[in-house]
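Architecture at a glance
What follows is the residue order along each chain.
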Amino acid sequence: MIVANENWGDIPLLHVYDEENATAETPIVLFIHGFQSAKEHNLHYAYNLVQQGMRVIMPDAILHGERSQGLNTIEMSLRFWDTVLTNIQEVKFLYEELRRKGFTGRFGLAGTSMGGITTLGCLNVFEWIETAAVYMGTATYVTLAKGQLAQIEAQGFDLQLTEQELADLMNTLTSLDLSLTPEKLNNRPIYFWHGKQDKTVPFNLAYDTYVEKFQPLYEANPELIRFDIAKNEGHKVNRRGMLAGVDWLAEHLR
């Protein structure tokens, strides 16, 4: 197994694959890490995906990992949605780079926390994503953002946004909020995992949207969507969940 540290454009990433068996047609998973994490923190996902015949691309998000600017937690929190929006743009760039480099395999997207949130935004705008695994993510961009910003203000910090900038941000998030346009899933196979005790990305935000908006669209093909609940877990994916998402991606990309 090769773990290659590469730069595609301005994006540092890990390119993980089986050097003996990978071909141009090997299925691809692009994996997006969480808030204040980095690409190499998720290599256990890549290892298990490659064991199942996948090629894995793991980029550093802007302001994270090799792209860190030394911001503190509050400064990072204020840039959270800028990071998600940049992630969505960079997923498109990396997909196009994969094709330009001659990698033609089927394409899946996955991520944890901020990466899961990114994944759901991407599903709203990119039809070429064939399957996805969403760990601790929510499609409710506007509701989550309002809650986050209220929490920052309650702690006494300035949002550093004018009224117009805040309105523009909410308009952008509305356009990407998959809970408002669930039909964009288009019957693609989607796996969700969430800890029921999660307070960072509240469980109910994710699960209520799944039950009310997503699941009814799969009535004819219920096997194509699944939400695993870890009743005793908080904001951390357990091994069972990690492996279940890996199995899902491999099953639907082979």
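Our structure is the block above this text.
So, about the sheet that holds strand β8 (residues 225-230). The sheet built from eight strands is open, its strands ordered β1-β2-β4-β3-β5-β6-β7-β8 with mixed pairing. Looking at strand neighbours, the two that pair on one side only are β1 (2-8) and β8, the edges of this open sheet. Each strand of the sheet is rotated relative to its neighbour by a mean of 15°, with strand direction disregarded. Against the sheet, helix α4 (residues 114-125) contacts β3 (28-32), β5 (107-112), β6 (131-135) and β7 (190-195), and its axis sits at roughly 145° relative to β5. Packing against the sheet, helix α8 (residues 239-253) makes contact with β3, β5, β6, β7 and β8, and its axis sits at approximately 170° to β6.

Positionally, T119 belongs in helix α4. What makes T119 buried here is its relative accessible area of 0%. Residues contacting T119, with those up to four places away along its chain left out, are L109, A110, G111, A132, A133 and V134.

As a further point, take the environment of L169. By secondary structure assignment, the location of L169 is in helix α6 (residues 163-176). Overall, L169 belongs to the buried group, its relative accessible area being 14%. Spatially, the C-alpha atom of L169 lies 9.4 Å from that of A145, the residues being 24 residues apart in sequence.

Moving on to the pattern of salt bridges. In total, this model carries nine salt bridges according to the counting rule given. In this structure, K39 engages E40 in a salt bridge whose closest nitrogen and oxygen atoms are separated by 3.6 Å. Classification of K39 as buried rests on a relative accessible area of 3%. Ionic pairing is found between E97 and R100, a salt bridge with its closest N-O pair at 2.8 Å. With E97 and R100 both in helix α3 (residues 80-100), this residue pair falls three residues apart, about one helical turn. For E97, a relative accessible area of 12% corresponds to the buried category.

Next up on the list: the packing of helix α1 (residues 43-51) against α8. To describe two helices that pack against each other, one gives the angle between their axes and the distance between the axes. Relative orientation of the contacting elements α1 and α8 amounts to 40°, with a least axis distance of 10 Å. When the axis of α1 is compared with that of α8, the two are oblique. Crossing angle aside, the handedness with which α1 passes α8 is right-handed. Of the residues in α8, those in contact with H44, Y45, N48 and L49 of α1 are M242, L243, V246 and L249.

Quick look at α4 now. Between its first and last C-alpha, α4 extends 17 Å over 12 residues, near the 16 Å set by a 1.5 Å rise per residue. Most of α4 sits inside the fold, with 11 of its 12 residues counted as buried. Looking only at α4, the buried set comprises M114, G115, G116, I117, T118, T119, L120, G121, C122, L123 and N124.

Conventions adopted
Residues numbered from 1 in each chain as written. Predicted model: local features only at pLDDT ≥ 70, side-chain atom pairs only at ≥ 80, totals over all residues. Heavy atoms only, no water. Pairing = 2+ DSSP bridges. Helix = DSSP H or I, 4+ residues; strand = E, 2+ residues; numbered from the N terminus. Axes fitted to C-alpha atoms, helices over the stretch in contact; angles between N-to-C directions. Contact = heavy atoms within 4.5 Å. Buried < 20%, exposed > 50% of the residue type's maximum accessible area, 1.4 Å probe, protein only. Salt bridge = Lys/Arg side-chain N within 4 Å of Asp/Glu carboxyl O. Parallel < 35°, antiparallel > 145°, perpendicular 65-115°, else oblique. Left-handed = near helix turned anticlockwise from the far one by under 90°. Expected span 1.5 Å × (residues − 1).

None of this, on its own, says anything about what the molecule does.
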